[in-house]
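Examination of the molecular architecture
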Amino acid sequence: MPCATWGSRRGESAKSASRAHETGPLRVPAYTPEPLVFDVSRHQPLAGAPWSAGPVAEAIAAIVEDFETALLAEGRWPTHPLDDPEGRPRWAPYQGAAGALTALSILHRLGYAARDRRELGQEAAESLWKSWFQDPDTGDWRWRSEIFGSVRHYYGACHGLAGNVGALVRAMPEERVRRALARASETLERGALREAGDLNWPVSCDASGTRRLVQWCHGAPGVVTGLAGTPRWREDGWTDTLDALLLGAGELTWRAGPLRKGPGLCHGTAGNGYAFLALYRRTGDARWLERARAFAMHAIRQRRRQRERFGQGRYTLWTGDGGLAVFLHHCLEPAEAAFPGLEIF
């Protein structure tokens, strides 16, 4: 029977693993003939030394030191050839300076620091700031992003303005924060798509970015999560503008309803639900918490149906059950709500 055969193989594997542990480092078995279940050419033999905490700590320290010393004179990091063979600057959270700044913030908070965190954060923020340019025709403030070969100027949280500004305001002095939020508010105000009090944004401000997505990665929910946690100064006119934009984006996210793609963060119901939690924390209006919890219950149903369909869970942070679990916790404890991987780590 298949189960008995599988069980016996598991037993043999366990014994082999035990013997390998006793006699030396783990070895990945050689596959002969060519396996049917994966492509050998995409993998390589296991070659690391046996586990030891000392070399691991040394590797972390070396990475941090490299980050801290590799800043270029103009205040940005070199672009890796795997991210761009031509070495052009990258700025977004996914592959660029905003993501590097986030990684450094995590590592410094965990105690891996040689240089002063504030000093380094300001240098990285300066890099992002200098790369932010104003389009002479529209007046929009833009970052240049190149994703899968296409050069665009994105609005959203994953590759564009909302995510970059959210990273900037954590590392800049108040005067710069005010200017950054004014720029963001002006650009979002001009680019917004409006309908009966609802607000959304196209994927990008280029002619090729006309898709009307309502997801965390692209669209209204990500704009909300990226900017709802930023400071408010009533004496600055842009504060009211930004509040109105975020509330309109929240209304659109609610009216659009849960996403069919599933319960995850990046392009799923939990990610959109975080927009409601962010607005609850910004405004104190219990209506937003009620909406977040309604999305939470829908996402639980989506997860259950996916498990029934595929016979297993989806074991990821951004697209699967891990991110959903964090969102559900924050619906129980909304005072702690923060977007995984960007605001909490």
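Just so you know, these numbers come straight off a predicted model, no measurement behind them.

Each value, and the rule that gives it
- Residues numbered from 1 in each chain as written.
- Predicted model: local features only at pLDDT ≥ 70, side-chain atom pairs only at ≥ 80, totals over all residues.
- Heavy atoms only, no water.
- Helix = DSSP H or I, 4+ residues; strand = E, 2+ residues; numbered from the N terminus.
- Expected span 1.5 Å × (residues − 1).
- Buried < 20%, exposed > 50% of the residue type's maximum accessible area, 1.4 Å probe, protein only.
- Polar contact = N/O pair within 3.5 Å; in protein donor to acceptor, adjacent residues only side chain to side chain.
- Phe/Tyr/Trp six-rings, centres within 6.5 Å; stacked < 30°, edge-to-face > 60°.
- Lys NZ or Arg CZ within 6 Å of the ring centre and 35° of its normal.
- Core = buried A, V, L, I, M, F, W, Y, C linked by side-chain atoms within 4.5 Å.
- Contact = heavy atoms within 4.5 Å.
- pLDDT = per-residue confidence, 0-100.
- Salt bridge = Lys/Arg side-chain N within 4 Å of Asp/Glu carboxyl O.

Examining helix 10 (residues 286–310)
A rise of 1.5 Å per residue sets the reference length of helix 10, with its 25 residues, at 36 Å; its end C-alpha atoms lie 36 Å apart and thus fit the reference within 8%. Within the sequence span of helix 10, burial applies to W288, L289, R291, A292, F295, A296, A299, Q302 and Q306. For helix 10, the capping residue at the N-terminal end is D285, with a side-chain oxygen 2.9 Å from the backbone nitrogen of R287. Following helix 10 by one or two positions, G311 has its phi on the positive side, about 75 degrees.

Describing the packing of aromatic side chains
As enumerated under the stated definition, the model contains 10 aromatic pairs in all. Considering the side-chain rings of W254 and F276, the 5.9 Å spacing of their centres and the 75 degrees angle between planes classify their relative orientation as edge-to-face. In this pair, W254 is assigned in helix 8 (residues 237–256) and F276 in helix 9 (residues 269–283), connecting sequence segments 22 residues apart. What makes W254 partly exposed here is its relative accessible area of 33%. Overall, F276 belongs to the buried group, its relative accessible area being 0%. Taken together, the ring pairs connect W216, Y274, F327 and F339 into an aromatic cluster. Its guanidinium or amino end placed over the ring of W141, R183 lies 3.5 Å from that ring's centre, counting from NZ or CZ.

A few points about the nonpolar core
Formed by 60 residues in total, the largest nonpolar core has its most connected members in W132, V165 and W201. The biggest single contributor to this core is helix 9, with seven residues. Filtering out sequence-adjacent residues up to four positions away, V165 remains in contact with W132, W143, L181, A184 and L227.

Description of the side chain of R282
Along the chain, the position of R282 falls in helix 9. Look at R282 and you get buried, because its relative accessible area is 9%. At 2.8 Å, the side chain of R282 and the backbone oxygen of A228 are in polar contact. In terms of polar contacts, R282 uses its side chain to reach the side chain of D243, at 2.9 Å.

Brief notes about the confidence of the model for the protein chain
When pLDDT is averaged along the protein chain, the result is 75, and 68% of the positions lie at 70 or above. Least confident of the elements in the protein chain is helix 1 (residues 2–23), whose mean pLDDT is 37; most confident is helix 9, at 94. Counting interchain partners and residues more than four positions distant, the pLDDT-below-50 stretch residues 1–23 has three contacts.

Here we look at the environment of R303
Examined against the element boundaries, R303 turns out to sit in helix 10. Note: C-alpha distance between R303 and R314 (11 residues apart in sequence) is 8.7 Å. Residues contacting R303, with those up to four places away along its chain left out, are P263, D321 and L324. In this structure the side chain of R303 is engaged in a polar contact, spanning 3.2 Å, whose partner is the side chain of D321.

Points about the pattern of salt bridges
Throughout the structure, instances matching the rule amount to 15 salt bridges. Ionic pairing is found between D243 and R232, a salt bridge with its closest N-O pair at 2.7 Å. Of this pair, D243 sits in helix 8 while R232 sits in the loop between helix 7 (220–227) and helix 8, and the two are 11 residues apart along the sequence. Accessibility expressed as a relative area gives 10% for D243, which makes it buried. Overall, the relative accessible area of 35% leaves R232 in the partly exposed class. Connected through salt bridges with shared partners, the residues D135, D140, R142 and R190 form a single ionic network.

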